[in-house]
Each structure stands twice: as structure tokens, then as C-alpha cells.
Amino acid sequence: MKHTFSLLVIAAASLGASAAVPATSEPALKDVFGDKFRVAVAINDAQAKEIDKEGAAIVKHHFNTVVAENVMKCSEIHPEKNRYHWDDADAFVEFAERNGMTVIGHCLIWHSQLAPWFLYDDEGKYVSADTLKARMRDHIHAVVGRYKGRVKGWDVVNEAIVESGKYRNSGFYKILGEEFIPLAFQYAHEADPEAELYYNDYGMNVPGRRDGVVRMVQDLKRRGLRIDAVGMQAHMGMDYPDFREFEDALNAFAATGCKVMITEWDMSALPTFSRSSNVGDVAAYQKALNPYPDALPEDVSAHWNSRMDAFFSLFLRHSDVINRVTAWGVTDGNSWKNGFPVRGRHDYPLLFDRNYEMKPFLKNLVNYHKHK
Ligand code: 9MR
């Protein structure tokens, strides 16, 4: 009963004009936190082209740095061997430049969202090591070269180390072995010697992966290659990552001499989904998959806000080594989490809700820090 009542109150409040404060009337995040780290967000095509006007307005008001959620990935920008598709990436970079924002490039070498032709010959077999090197070089030189001097830094390699600390057994690894990583960094540096270069991965709190990434970074440095930062994606949930493990990993990356960037921050508010969940009937199964289709219950929202506050406060405490914090999407409605790990979920993982309002934990932090 109490629960129903509070839901009604929340619903009424979100409808009432007096309760809603447009996010663009709040103090700008970049003004409040910009002296600590770059305040960044991943934007989609509709925001870059200002089709989603309210989303774009939030980006312009609150953020000083943008990354393209998809349009610079290999499958998008280089869909066929002899064809690049620049229009969407150009529009993204132009949007940033029109609005005085710093651009981050995502990403050059990744096993996923890789153009289907990239690793294969005409017969569908893996290409030789030399051919793959040439393709990587051409791709990296074309993309980095096109935006030379306009992109501050690149995620050069994405998600190449697994939880055990070993290299992911991707096509790149199968064809080139460990060498594909230093080669990618070398090519990126050749293409734009001024650009910062990053290694980016998820689940970085896991000790095996953490140590594997540290070893790989040290290897790049030993070879004299440029690497400026380690990107911790930071896709979180209500029960992961472990706070201490996350902080330990952050310290371990900083100890290599690299900066640390929080590159893809979001926190699912939904119960962690397991395919082995033993849910009896179809209706119960649907409900388990998508338990809060209308709004988050107050207790869940309170828990989510306090966890987000704890992590943001951790980022602030480590702002000597963290130089960028990036939300992976603008509003809850934009988030990839609505479709992962299963489609059709209604998730609440980002800094702004579906009504384009700032989440409570962030309002509190802004109010506290703007007076400092
Ligand atoms: O958010 C991105 C989503 O729109 C894409 O469909 C998806 C495709 O793989 O990629 C998402 O972004 C990923 C990012 O590029 C790399 N780290 C994991 C992110 C979430 O999957």
C-alpha cells in the first residue's frame, strides 16, 4: 500500500510543472567539476545532428567533451574495404567544434562492431599477418588522419584483455598475436603525433584483467610507444563492481604513470540478469526481466543514487590521476542498457532521466560543490 502511494506521488510530481527543473537551468556540470576532470558524454547521431534537441541542449549546457557512441567504430566508418562512410563522424566532430567541445575518438581496433570484411580474404579465410597489418595501418591512418588536430585522443585498442589477464582470442590476436596492440599504437601515433592514445576496457576491477592490462601497458612503455591513459569503462550495476576492487584497479593503472579515464560510466538499476534464473511462467519471466517499466521504486532509486554518489565522490577524490569522466549516454532513454543483456528493458542508468531532468544524487553534488 505504502509502495503504491509513493509511486503515485512520484508520478504526480513528475507531471506537475512546478516540480520539474529543466536540466539546462541547473548549474553546468562542466563549470562545477571542470577544474577536476573533463566532463564528458557519449552522444548518438540524433544528438550530434540536433534532431534530439533537448538531448543536444543538455550536452551543450553540461559537458565540455564528447565521444561518439557509435559513428566512429570500424563497421560504421569503414563498412567496405574500399569505402569509408564519413558523413556521420564529420557531423559529430562539427557539432563538437561548433560548441567549443573537446572530441574523443572511439575506437580504432576492437573485435566487436568490426567491419565484416576486415579480417578475411575473398574466400572467407583469415588474411595473412602482413595483410592484416596493412589493413590496420590503412584504417588507422585514414581515420586518425582525417581528424588530425581535431580529435584530442583516441581509444586505440578496446577490450583486448579477458578476466584471467590473458589476451582475448579475437581475430586480431589469432592472426597477429600480442603484436597487434603495439602495432595499433604505433600506427595511431604516426597518423597524429599530437593525439593522446588510450587503452580502454570493461570490468577493469577484476584483478586478473587489471593485472593483465597493467602488464600490457608496461610492455607498451618499455617499447617506447606512446600511451597516455587507461580507460576504465565503468559499466556498473547495483551489485558490481566491488568498490574497493575498483579503487585498487584505479590506483594500479595510475601507478604505471598513465592517467586514468572513466570512459563509459553508467549504472544499471535493474537486478543483474542471469540467463539461468529459475522463473516459472512467462508473465513472471517478463516481469523479472523488466521489473520497473514505469518508474523506479523509491527504495531502489535511493540505493542507485547513493551508489552513484559514492562512485562520483571516488572520482573526485582521485582527480589528481583521473582526467576525464564520461557518461555513456545522455538520458536514460538513450542507454544501450535498455537493450542489454536482453531487449525491451526499461533501465535507469544515466545522469539524466527520460524527462531530461538531472538525477537527485548529482543535483546534491552540484549544489554542494558549486559553493566551494
Ligand atoms: O552503446 C553502444 C551501443 O549503442 C552499440 O549498439 C554497442 C555495439 O556493440 O556498443 C555500445 O557501446 C559499447 C562501447 O562502444 C564499448 N564498450 C561497451 C559499450 C556497451 O556495449
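Shown above is the structure to which this text applies.
Presented here is a report on the structure given in the accompanying data block.

## Details of the side chain of His139
Inference 1: For His139, the position within the fold is in helix 7 (residues 129–146).
Inference 2: Ignoring sequence-local partners within four residues, the contact set of His139 consists of Cys74, Ile77, His78, Tyr84, Leu108 and Phe118.

## So, the state of the cysteines
Inference 1: Scanning the model with the defined rule gives zero disulfides in all.
Inference 2: This cysteine, Cys107, is not joined by any disulfide, and Cys74 carries the nearest cysteine sulfur, 8.9 Å off.

## Remarks on the site of the ligand
Inference 1: Inspection of the region around the ligand gives 13 residues, with Glu69, Lys73, His106, Glu159 and Glu264 positioned closest.
Inference 2: Lys73 is positioned such that a nitrogen or oxygen atom in its side chain is 2.7 Å from an oxygen atom of the ligand.
Inference 3: Take Trp328: an N or O atom from its side chain is 2.9 Å from an oxygen atom of the ligand.
Inference 4: For the ligand, whose accessible area on its own is 450 Å², the fraction buried by protein is 77%.
Inference 5: For the shell around the ligand, the residue count by class is three nonpolar, six polar and four charged.

## Observations regarding the environment of Asn251
Inference 1: Note that Asn251 resides in helix 11 (residues 243–254).
Inference 2: For Asn251, a relative accessible area of 38% corresponds to the partly exposed category.
Inference 3: Sequence spacing of Asn251 and Cys107 is 144 residues, and the spatial spacing of their C-alpha atoms is 24 Å.

Thresholds, definitions, all that
Residues numbered from 1 in each chain as written. Predicted model: local features only at pLDDT ≥ 70, side-chain atom pairs only at ≥ 80, totals over all residues. Heavy atoms only, no water. Helix = DSSP H or I, 4+ residues; strand = E, 2+ residues; numbered from the N terminus. Contact = heavy atoms within 4.5 Å. Disulfide = S-S within 2.5 Å. Near = heavy atom within 4 Å. Polar contact = N/O pair within 3.5 Å; in protein donor to acceptor, adjacent residues only side chain to side chain. Areas by Shrake-Rupley, 256 points an atom, 1.4 Å probe, with all protein chains shown as cover. Nonpolar A, V, L, I, M, F, W, Y, C, P; charged D, E, K, R; others polar. Buried < 20%, exposed > 50% of the residue type's maximum accessible area, 1.4 Å probe, protein only.

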